[in-house]
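Understanding the architecture of this molecule
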Amino acid sequence: MTERFDCQHCEDSLFGRKYILREERPYCVACFEALFASTCEECGKLIGCDCKDLSYKDRHWHEACFHCSRCRGSLVDKPFAAKEDQLLCTDCYSQEYSSRCQECKKSIMPGTRKMEYKGSSWHETCFICHRCQQPIGTKSFIPKDSQNFCVPCYERQYALQCVQCKKPITSGGVTYREQPWHHECFVCTACKKPLSGQRFTSRDEFAYCLGCFCDLYAKKCAGCASPISGLGGTKYISFEERQWHNDCFNCKKCSLSLVGRGFLTERDDILCPDCGKDI
């Protein structure tokens, strides 16, 4: 007795007939198409076994139905783009949706690399330094007057030069006597500590921190021998080429403050009238 060879679904004999295997099970063509064939997105008909099934993201088309939604040109074996469930050839997509290169004004085609900055786009080959004309790529750049510059070109053309080290100041900096300085170059002439953000003064156009200025140039108090800076509203008393801090201008004997009072002198000492009446 001959072994049976039937369709898995309708059980009709497949001897002498065309059939399709699915998961090692045979189906007649009619049953296979009814059970498994995809429906074409374009025409709504089944894609039969004798047709090529073209698919994209779980959607299927007949080969003849796989065309651009706008110009109707075939997309078979051609690059395409999808927009809101529509398939478009690259020409139609670029005309409708692609950004324009800021430099050459041509469309930036889907799938090509582009550079973007503040809402503008460039072809990678068009994104170049305005000065040296070399591609910027992913390197740092600085925009200036609607043009883009690589960092070395910007520094050569626009950056201020530090008056101390003669190198470009690319960010921040200090202005002193209308001249630019790096923060780290603007230091005390004596101790070399940074002056940026600190109180300082100058002598003969050289900047000094308050400590060094007082040690080098300030007069010494005749009372405590400490420097009198005279800076920041510091009050002091001067008499016969000697100076005192206000707090140090006191009677040598009774320590009464003599600020705004009469006083007497005995050699290097100052005395209140009461203490000096027996001189």
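Anyway, here's the lowdown on the structure attached to this text. Computed from a prediction, not measured in an experiment: that's the story for all the values here.

When its secondary structure is counted, the chain shows four helices and 22 strands. Relative to a compact globule of 279 residues, whose C-alpha radius of gyration would be 19 Å, the chain shows 45 Å and is clearly more extended. In the chain, which comprises 279 residues, the share counted as buried stands at 29%. Roughly 19,000 Å² of accessible area belongs to the chain as shown, and the carbon and sulfur atoms make up 45% of that amount. Of the side chains in the chain, 39 bear a positive and 36 a negative charge, and the two mean positions are spaced by 9 Å.

For the rest of this paragraph, the subject is the pattern of salt bridges. Scanning all chains against the criterion turns up five salt bridges. The closest approach of N and O atoms between R113 and E124, which form a salt bridge, is 3.3 Å. Of this pair, R113 sits in the loop between helix 2 (90-96) and strand 7 (114-117) while E124 is found in the loop between strand 8 (120-123) and strand 9 (141-144), placing the two residues 11 residues apart along the sequence. Across the pair R267 and E266 runs a salt bridge, and its minimum N-O distance is 4.0 Å. We classify E266 as partly exposed; its relative accessible area is 29%.

Analysis parameters
Along each chain, residues carry numbers from 1 onward, in the same order as the chain's sequence is written. Per-residue local features are limited, in this predicted model, to residues with pLDDT of at least 70; the limit for side-chain atom pairs, both in listing and counting, is 80 or more; totals at the level of whole chains, interfaces and linings are taken over all residues. In computing side-chain properties, one takes all heavy atoms of the structure into account and sets aside hydrogens as well as water. Secondary structure elements are defined from DSSP: runs of H or I of at least 4 residues count as helices, runs of E of at least 2 residues count as strands, and each element is numbered from the N terminus. The globule rule used for comparison is 2.2 Å times the number of residues to the exponent 0.38, while the radius of gyration itself is calculated over C-alpha atoms. Summary of the burial criterion: residues with accessible area below 20% of their type's maximum are buried, those above 50% are exposed, and those between are partly exposed, where the area comes from a 1.4 Å probe applied to protein chains only. Per-residue accessibility takes into account occlusion by the displayed protein chains alone, with areas from the Shrake-Rupley method and a 1.4 Å probe. Residues counted as positive are Lys and Arg, residues counted as negative are Asp and Glu, and His and the chain ends are not counted. A single reference atom marks each charge: NZ on Lys, CZ on Arg, CG on Asp, CD on Glu. Should a side-chain nitrogen of Lys or Arg be within 4 Å of a carboxyl oxygen of Asp or Glu, the pair is scored as a salt bridge.

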